[in-house]
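The lines below spell out each chain.
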Amino acid sequence: MVALDPGDNQDYHIDDIKEAEKLLNDMDDQDLIGDVLKKRPRFERSVDNSIIVDNIPVTESTKVPKLTNVLLKIFSKCGKITTHHIPLDDNNKTKGYMFLVYETAQEATNAISSYNSYKLDRNHCFAVTRLSDFQQCIDIPDSWDEPKPEPYKPQVCLKAWLQESDCYDHFVVVGGKNRVTSVRACAPNQSTKVTERENWTESVVKFSPKGSYLATAHKQGIAIWGGPDFTRVGRFLHPNVTYFQFSPCERYFVTYSKVPLSPEDPQNLIIWETRSLLNKRAFSLPVLDYWPYFKWSHDGNYFATITEDNLSIYTTPSMKLLGNRKINVQNIRNFSWCPSENWIAYWQSEKNNIPARVTIISVPNCEPISYKNLFNVNNIEIFWQNTGTYLAVKVDRSVKNKKESENVFEIFRLQEKDIPVENFEIKSKVMSMSWDPKGPRFAVLQGEQGRTDITFYKIGEKIVQLGKTLVNKKCNVIKWSPLGQYCVLAGLNNMSFDSLEFWDIGSDTPTLMNSQQHSNVTHLFWDPTGRYVSSINTYSGHSVDNGFIIWTFQGTKMFEERIDSFIQFQWRPRPPSLLNDEDLKLIRKNIKMYTRDFEMKDKLSQSKASKELVEKRKNMYEEFMAYRRRKDKDLEVLKLQYVEVRNDHVEEDFIEETVEFFIREEVEPANKE
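Calculation criteria
Residues numbered from 1 in each chain as written. Predicted model: local features only at pLDDT ≥ 70, side-chain atom pairs only at ≥ 80, totals over all residues. Heavy atoms only, no water. Pairing = 2+ DSSP bridges. Helix = DSSP H or I, 4+ residues; strand = E, 2+ residues; numbered from the N terminus. Axes fitted to C-alpha atoms, helices over the stretch in contact; angles between N-to-C directions. Polar contact = N/O pair within 3.5 Å; in protein donor to acceptor, adjacent residues only side chain to side chain. Contact = heavy atoms within 4.5 Å. Core = buried A, V, L, I, M, F, W, Y, C linked by side-chain atoms within 4.5 Å. Buried < 20%, exposed > 50% of the residue type's maximum accessible area, 1.4 Å probe, protein only. Phe/Tyr/Trp six-rings, centres within 6.5 Å; stacked < 30°, edge-to-face > 60°. Lys NZ or Arg CZ within 6 Å of the ring centre and 35° of its normal.

Side note on the sheet that holds strand E9 (residues 190–198)
Item 1. Here we have four strands laid out as an open sheet, ordered E9-E8-E7-E42, and antiparallel in their pairing. Each having just a single partner strand, E9 and strand E42 (568–571) make up the two edges of the open sheet. Ignoring which end each strand starts from, the neighbouring axes of this sheet average 20 degrees apart.

Next comes the structure, spelled out in structure tokens:
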């Protein structure tokens, strides 16, 4: 009530006073202190940023500060924590859960994905839940409405290209004025377009390891495509991606950007789930000048990296450290996964009279299965054989009173008892070595650029040399066929090297099958079946004669294509075969029959007959076979009726006779008028 001074002008009416009181009662807080309420934390936002951590230790109130420090140290790795609270019961003991509030909802999401099912100790395993999810469990409506079923949407068949009757291998090329991306099928003596689009990617493309997806790079992120028409099946929203890769199993996809997502969210490497497109784990890394940062196991169940003097191995699908800890390996320099087993080979450098060491461990128990101490080591390179039968370690060793280092190879026989290690020395400088993917053979390149010698070796009871050393070859790389036995010697990124040599290493004496010329080659790729080899001249290496040539494995030129501003070439990988050993033996037994059928198709495609005529003959054949199937069904019906009339079973011997004849087509030139 407002008291009026008798000296004031009393022109107020009693109704005005009552109206003012009524108006005051009708006003809410928004009208009175609206500017203050705008700064109040919103419930929805705080719920999205808040998490509940269950199954924390139950302890006395006197130990709560220490427990709080431990928990905050763990969960602060996912972001900045603005508020935290551990409730107590009537006995001044913790209730076994706590509340945490992060600055952003993304930080809360990272905490849930990182620490749900996290083992604090043997008796406590965290259960991390978002507060909004918990609220939904409380606010359950009394009535239940049955959800309406959504209409079925057929999924894209990611393996449709494997069902093509011609079994042509696919490859993708990127180039041209408008950065045309073209997926093609490698037919005899030509390539046929599967699909082609302009500006499909802003940089490069990449097939997944089993050929199911094609990834294209864009400013906003990465898109993946699949199916017979290459429709978009998903996209990963990660701006300014610098590097990206698939896991070997195709279940996961990794993107990295040199620019963080935002100042509040510094993560710049993200591991996604390919099917669901969900962010499974994010990392904040410095600017990388190498890739990949993570190396994956052959089955995609583990991925690992080196952090200072630690080997960090993560498991999938949890994306957590194996055993919740890093493996301390002093002076670790590099590591490599076995291509066929969950084994890791790593090497440590010498320090303080401690020798260098190469160690092979098995995952997940991380127990060493073999190791080798080495002395006077300058550098070590690790080379796995694709089947995991052998491991070669190239050791560059310094020698007193000599300017050049010597090269020693340590060969681990991983399938033999006690894993024996055999070494042999090569006196001249070793440029590289490469394994036959399927056999116990390997090749060593030695010498200098322009004066390269190549020697082939075979592992039996002892390591023996195959044939004579190939002297003064103009090459700097050896590319083996995925099926083994055959290889190509080439000189890449060197204008003075223009020869390609195709070799057969199947016998004890290497045989040169063919020698061809292709200048300014920048890349050399085998197709996944081992039938073809592509030699590439990209715009990044040279601006002249950009394009590619497809060769057979024997060195016969199939076809050539020139592409201006040629950027990229990649074969489409194939998934592992589902055939067992018995099926493969049966195929080899009947190989002549299959060869005859494919040769007929090849000759037909190479003939001068028009495509319209071939298609017409094919349609006529299909119509005849459909007519024959209908008549066979009619014959079966008539036979049953005939049996009913005779009341007896009539057996007739039908002899099917196949008549083959050759049709010769002669083409005569038209008479000139």
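Having seen it, we continue.
Considering the side chain of Arg-184
Item 1. Along the polypeptide, Arg-184 turns up in strand E8 (residues 180–187).
Item 2. At a separation of 3.0 Å, a polar atom in the side chain of Arg-184 contacts the side chain of Ser-182.
Item 3. Among residues more than four places away in sequence, those in contact with Arg-184 are Asp-169, His-170, Phe-171, Val-173, Ser-191, Thr-192, Lys-193, Val-194, Glu-196, Phe-548 and Glu-561.

Topic: the nonpolar core
Inside soluble globular proteins, nonpolar side chains tend to come together where they are buried.
Item 1. Of all hydrophobic cores here, the largest spans 21 residues; its most connected members are Ile-51, Val-53 and Phe-75.
Item 2. Secondary structure elements with two or more residues in this core: strand E1 (50–54), helix H4 (64–75), strand E3 (97–102) and helix H5 (105–115).
Item 3. Looking at this core element by element, the count peaks at five residues for H4.
Item 4. For Phe-75, the contacting residues outside a window of four places in its chain are Ile-51, Val-53, Ile-81, Leu-100, Tyr-102, Ala-111, Tyr-115, Phe-126 and Val-128.

Focus: the sheet that holds strand E21 (residues 327–328)
Item 1. With antiparallel pairing, four strands are arranged side by side in an open sheet as E18-E19-E20-E21. Both outer strands of the open sheet, strand E18 (295–296) and E21, are each paired with one neighbouring strand and no more.
Item 2. The sheet contact formed by strand E19 (residues 302–307) and strand E20 (residues 310–315) spans six bridges and is antiparallel. Within E20, the residue paired with Phe-303 across the bridge is Tyr-314.

Structural notes on unusual backbone geometry
Residues apart from glycine generally show negative phi values, whereas peptide bonds are mostly found in trans.
Item 1. The omega torsion across Trp-291 and Pro-292 is 10 degrees, close enough to zero to call that bond cis.
Item 2. Mapped onto the elements, Pro-292 comes out in the loop between strand E17 (279–283) and E18.
Item 3. Omega for the bond connecting Val-363 with Pro-364 falls within 30 degrees of zero, at 20 degrees, which places this linkage in the cis form.
Item 4. On the secondary structure map, Pro-364 appears in the loop between strand E24 (356–362) and strand E25 (367–374).
Item 5. The residue Asn-240 is not glycine, and still its phi comes out positive at about 55 degrees.
Item 6. Topologically, Asn-240 is positioned in the loop between strand E13 (231–237) and strand E14 (243–246).
Item 7. Residue class for Asn-240 comes out partly exposed when judged on its relative accessible area of 38%.
Item 8. Positive phi outside glycine occurs at Met-319, with the angle close to 60 degrees.

Focus on the packing of aromatic side chains
Item 1. Tallying each qualifying case throughout the model produces 42 aromatic pairs.
Item 2. On the numbers, 5.6 Å between centres and 80 degrees between planes, the contact of Phe-283 with Tyr-314 is edge-to-face. Here Phe-283 is found in strand E17, whereas its partner Tyr-314 is found in strand E20, with 31 residues between them in sequence. Of the two residues, Phe-283 and Tyr-314, neither departs from the other in class, the shared state being buried.
Item 3. On the numbers, 5.7 Å between centres and 10 degrees between planes, the contact of Tyr-390 with Trp-435 is stacked. One end of the pair, Tyr-390, is in strand E27 (residues 390–397); the other, Trp-435, is in strand E30 (residues 430–435), with 45 residues separating them in the sequence.
Item 4. Note on Tyr-390: relative accessible area 12%, which makes it buried.
Item 5. Put simply, the rings of Tyr-252, Phe-283, Tyr-290, Tyr-293, Phe-294, Trp-296, Phe-303 and Tyr-314 touch in pairs and so form one group of aromatic residues.
Item 6. One residue, Arg-197, lies across the ring of Trp-200, its end atom 4.2 Å from the ring centre.
Item 7. Its end group placed over the ring of Phe-335, Lys-295 keeps NZ or CZ at 4.7 Å from the ring centre.

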